[in-house]
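# Understanding the architecture of this molecule
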Amino acid sequence: MLHILTHSPFQSDFSALLRLLAEGDDLLLLQDGVLAALEGSQALELMLRAPISVYVLEDDVSARGLSGQISPRVTAVSYTDFVALTVKNSSQMTW
């Protein structure tokens, strides 16, 4: 399943998202959701403990001026990669 976080982890039910993650799921951070990938953040540490792959949309990171602050432990993706993730995952949930 592809989980898409579009809101800041501080303004969403981030704990519910974490509970629903299953092994092999993908998590894509978009819009203000990219804040969850800030290096040293609690949200980042919680996501990285889950048996999932975490991605962040490059354009949304750049638009917020956060390029130097995003953890290298998440994978930056383009819009083309975003489409590939949606094709790979037949079901999606947006948070």
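Refer to the structure above for everything that follows.
Residues numbered from 1 in each chain as written. Predicted model: local features only at pLDDT ≥ 70, side-chain atom pairs only at ≥ 80, totals over all residues. Heavy atoms only, no water.

### Description of the pairing of strand β1 (residues 2-5)
In plain terms, the rule: Note on exposure labels: buried denotes an accessible area under 20% of the residue type's maximum, exposed denotes more than 50%, and partly exposed covers the range between, all computed with a 1.4 Å probe on protein chains only. A helix here means a DSSP run of H or I that spans at least four residues, while a strand means a run of E at least two residues long, and both kinds are numbered starting from the N terminus. Should DSSP find at least two bridges between two strands, the strands are regarded as paired. Seen with its strands pointing away from the viewer, a crossover is right-handed if its path from the first strand over the helix to the second goes clockwise.
Because side chains alternate across β1, one face comprises the buried residues Leu2 and Ile4, and the other comprises His3 and Leu5, equally buried. Across four bridges, the pairing between β1 and strand β2 (residues 26-29) is parallel. When the sheet's bridge partners are listed, Leu5 is paired in β2 with Leu29. Note that the unit made of β1, helix α1 (residues 14-20) and β2 has a crossover that is right-handed. Where β1 lies against strand β5 (residues 92-94), three bridges are found, and the strand directions are parallel. Each bridged residue has a counterpart across the sheet, and for Ile4 the counterpart in β5 is Thr94.

### Observations regarding unusual backbone geometry
In this model, Gln31 sits at a positive phi of 45°, which is unusual for a non-glycine residue. Position of Gln31 among the secondary structure elements: in the loop between β2 and α2 (42-49). The exposure class of Gln31 is partly exposed, given its relative accessible area of 41%.

### Comments concerning the pattern of salt bridges
What counts here: Should a side-chain nitrogen of Lys or Arg be within 4 Å of a carboxyl oxygen of Asp or Glu, the pair is scored as a salt bridge.
What the rule picks out here adds up to five salt bridges. The partner of Arg64 in a salt bridge is Asp32, with the nearest N and O atoms 2.9 Å apart. Linking Arg64 in the loop between α3 (58-63) and β4 (75-77) with Asp32 in the loop between β2 and α2, this pair joins segments that are 32 residues apart in sequence. A residue is classified by how much of its surface remains accessible, and Arg64, at 33% relative accessible area, is partly exposed.

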